[in-house]
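Residue strings, one per chain:
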Amino acid sequence: DIQMTQSPSSLSASVGDRVTITCRASQSISVYLNWYQQTPGKAPKLLIYAASSLQSGVPSRFSGSGSGTDFTLTISSLQPEDFATYYCQQSYSTLYTFGQGTNLEIK
Amino acid sequence: EVQLVQSGAEVKKSGESLKISCKGSGYSFTNYWIGWVRQMPGKGLEWMGIIYPGDSNTRYSPSFQGQVTISADKSISTAYLQWSSLKASDTAMFYCARSDQYYDSSFFDYWGQGTLVTVSS
């Protein structure tokens, strides 16, 4: 199985900050990497697919980059509604494993 | 409007069977894979398996193979996740999600609201 490792596991930041979350795959997954946001009590929401494509309706302050084994999700200017848990997910192999999550908290 | 509507919360006892559902609407149900994702209390997302309702082709994570059964009834646009004998460790929130594709890249673009399953010993 392909293992996905996110860093950091948790992060404190302030409104207006620029934040970067990293996801590393245990083997090359090309650009088959997605990012989701989950707020407490809600279903996950797709933010980025295929490493860098912004899902329709998602604010442009979210961006994704990377290929191979190393990927990043960047939020250019944090808004209050962005404090949530973020997950990466690979879709290179049939078993679409998720990373363990990054909890983004208000400083 | 694409929607996935899941069945309601369940409270069961260890050893009991259970089947939860996920009804799709607003799109061609048979043309998109539907996946199931587990989230144990306070934990992250776990990919359980996926089904193509058009031909019932199903794939499971090794962690869930033999523990659950994923099925679909395309005549009523509904996917299912079932257990034959629940354990207390099955207590979790379960989400269904539609899988779309961009070239060869797959992703879950629409999600159900989740079904909370509580199993007591």
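Quick notes on the rules
Along every chain, residues carry numbers that run from 1 in the direction the sequence is written. All chains are assigned letters beginning at A, and all ligands numbers beginning at 1, according to the order in which they are written. Where local features are concerned, this predicted model is filtered to residues with pLDDT of at least 70; where side-chain atom pairs are given and counted, the filter is 80 or more; whole-chain, interface and lining totals use all residues. Only heavy atoms go into the side-chain values, all of them from the structure, while hydrogens and water stay out. Helix and strand assignments come from DSSP, with helices taken as H or I runs of at least 4 residues and strands as E runs of at least 2, each series counted from the N terminus. Every radius of gyration here is taken over C-alpha atoms, with the globule rule written as 2.2 Å times N^0.38, N being the number of residues. Buried means the residue's accessible area, taken with a 1.4 Å probe over protein chains only, is under 20% of the maximum for its type, while exposed means over 50%, and partly exposed covers the values in between. Any pair of residues with heavy atoms lying within 4.5 Å of one another is described as a contacting pair. In this description, accessible areas are obtained by the Shrake-Rupley approach with a 1.4 Å probe, and a residue is regarded as covered only by the protein chains that are shown. Under the convention used here, Asp and Glu are negative, Lys and Arg are positive, and both His and the chain ends fall outside the count. Think of each charge as sitting on NZ of Lys, CZ of Arg, CG of Asp or CD of Glu. In this description, strands pair whenever DSSP reports at least two bridges between them. Structural elements are reduced to axes, namely lines fitted to C-alpha atoms, with helices fitted over the stretch in contact, and the angle between N-to-C directions of any two is expressed from 0 to 180 degrees. Only Phe, Tyr and Trp rings take part, Trp by its six-membered ring, and two of them pair if their centres are within 6.5 Å. Stacked means planes under 30 degrees apart, edge-to-face means over 60, and tilted covers everything else. For the purposes of this analysis, a disulfide is any pair of cysteine sulfur atoms at a distance within 2.5 Å. Once two parts are brought into contact, the accessible area they lose, counted with a 1.4 Å probe and summed over both, makes up the buried area. Take a side-chain nitrogen of Lys or Arg and a carboxyl oxygen of Asp or Glu: if they are within 4 Å of each other, that pair is a salt bridge. Pairing of N or O atoms within 3.5 Å defines a polar contact, subject to two protein rules: one partner must be a possible hydrogen donor and the other a possible acceptor, and residues neighboring in sequence count only if both atoms are side-chain atoms. Classification convention: Asp, Glu, Lys, Arg as charged; Ala, Val, Leu, Ile, Met, Phe, Trp, Tyr, Cys, Pro as nonpolar; all other residues, Gly among them, as polar.

Section: the overall build of chain A
Counting secondary structure elements, chain A contains zero helices and 10 strands. Here chain A has a C-alpha radius of gyration of 13 Å; the compact-globule value for 107 residues is 13 Å, and the two agree. The principal-axis extents of the C-alpha atoms in chain A amount to approximately 35 × 25 × 25 Å. When each of the 107 residues of chain A is scored for burial, the buried share is 50%. Considering only contacts in chain A between residues 6 or more positions apart, those separated by 24 or more positions represent 56%. Carbon together with sulfur atoms contributes 45% to the accessible area of chain A, which is approximately 4,600 Å² in total. Of the charged side chains in chain A, 6 are positive and 6 negative, and the gap between their average positions amounts to 5 Å.

Thoughts on the sheet that holds strand β8 (residues 70-75) of chain A
All names here are of chain A. What the four strands build is an open sheet, ordered β1-β3-β8-β7; its pairing is antiparallel. Across the chains shown, the open sheet's two edge strands, defined by having one partner strand only, are β1 (4-7) and β7 (62-67). Pairwise comparison of adjacent strand axes, ignoring direction, gives a mean angle of 20° for this sheet. Strand direction decides the pairing type here: β1 and strand β3 (residues 19-25), joined by four bridges, are antiparallel. In the sheet register, Met-4 faces β3, and the bridge partner there is Ala-25.

Details of the packing of aromatic side chains
Counted under the stated rule, the structure contains 14 aromatic pairs over all chains. A centroid spacing of 5.4 Å and a plane angle of 70° characterise the contact between Tyr-49 of chain A and Tyr-102 of chain B, whose relative ring orientation is edge-to-face. Taken as a pair, Tyr-49 of chain A in strand β5 (residues 45-49) and Tyr-102 of chain B in strand β9 (residues 92-102) lie in two separate chains rather than in one. Note on Tyr-102 of chain B: relative accessible area 36%, which makes it partly exposed. Considering the side-chain rings of Tyr-102 of chain B and Tyr-103 of chain B, the 4.8 Å spacing of their centres and the 85° angle between planes classify their relative orientation as edge-to-face. In this structure an aromatic cluster arises from ring pairing among Tyr-36 and Phe-98 of chain A together with Tyr-95, Phe-108 and Trp-111 of chain B.

Some details on the state of the cysteines
Each disulfide consists of a covalent bond between the sulfur atoms of two cysteine residues. Residues and elements named next belong to chain A. A full pass over the atoms with the stated rule returns two disulfides over all chains. Between the sulfur atoms of Cys-23 and its disulfide mate Cys-88 the distance is 2.1 Å. A torsion of 65° about the S-S bond marks the disulfide between Cys-23 and Cys-88 as right-handed. Taken together, the residues Cys-23 in strand β3 and Cys-88 in strand β9 (residues 85-90) connect sequence positions 65 residues apart. One exposure class covers both Cys-23 and Cys-88, and it is buried.

Concerning the interface of chain B and chain A
Tallying the contact residues gives 22 residues for chain B and 21 residues for chain A. Between chain B and chain A, roughly 1,800 Å² of surface is buried when both sides are summed, and carbon and sulfur atoms account for 64% of that area. The interface formed by chain B and chain A holds zero salt bridges in total. Linking chain B with chain A are seven residue pairs in polar contact (both at pLDDT 80 or more), by the criterion used here. Residue assignment for the side of chain B that touches chain A shows that the elements contributing at least two residues are β4 (33-39), β5 (45-52), β6 (57-60), β9 and β10 (105-111) of chain B. Split into classes, the residues belonging to the side of chain B that touches chain A amount to 11 nonpolar, six polar and five charged.

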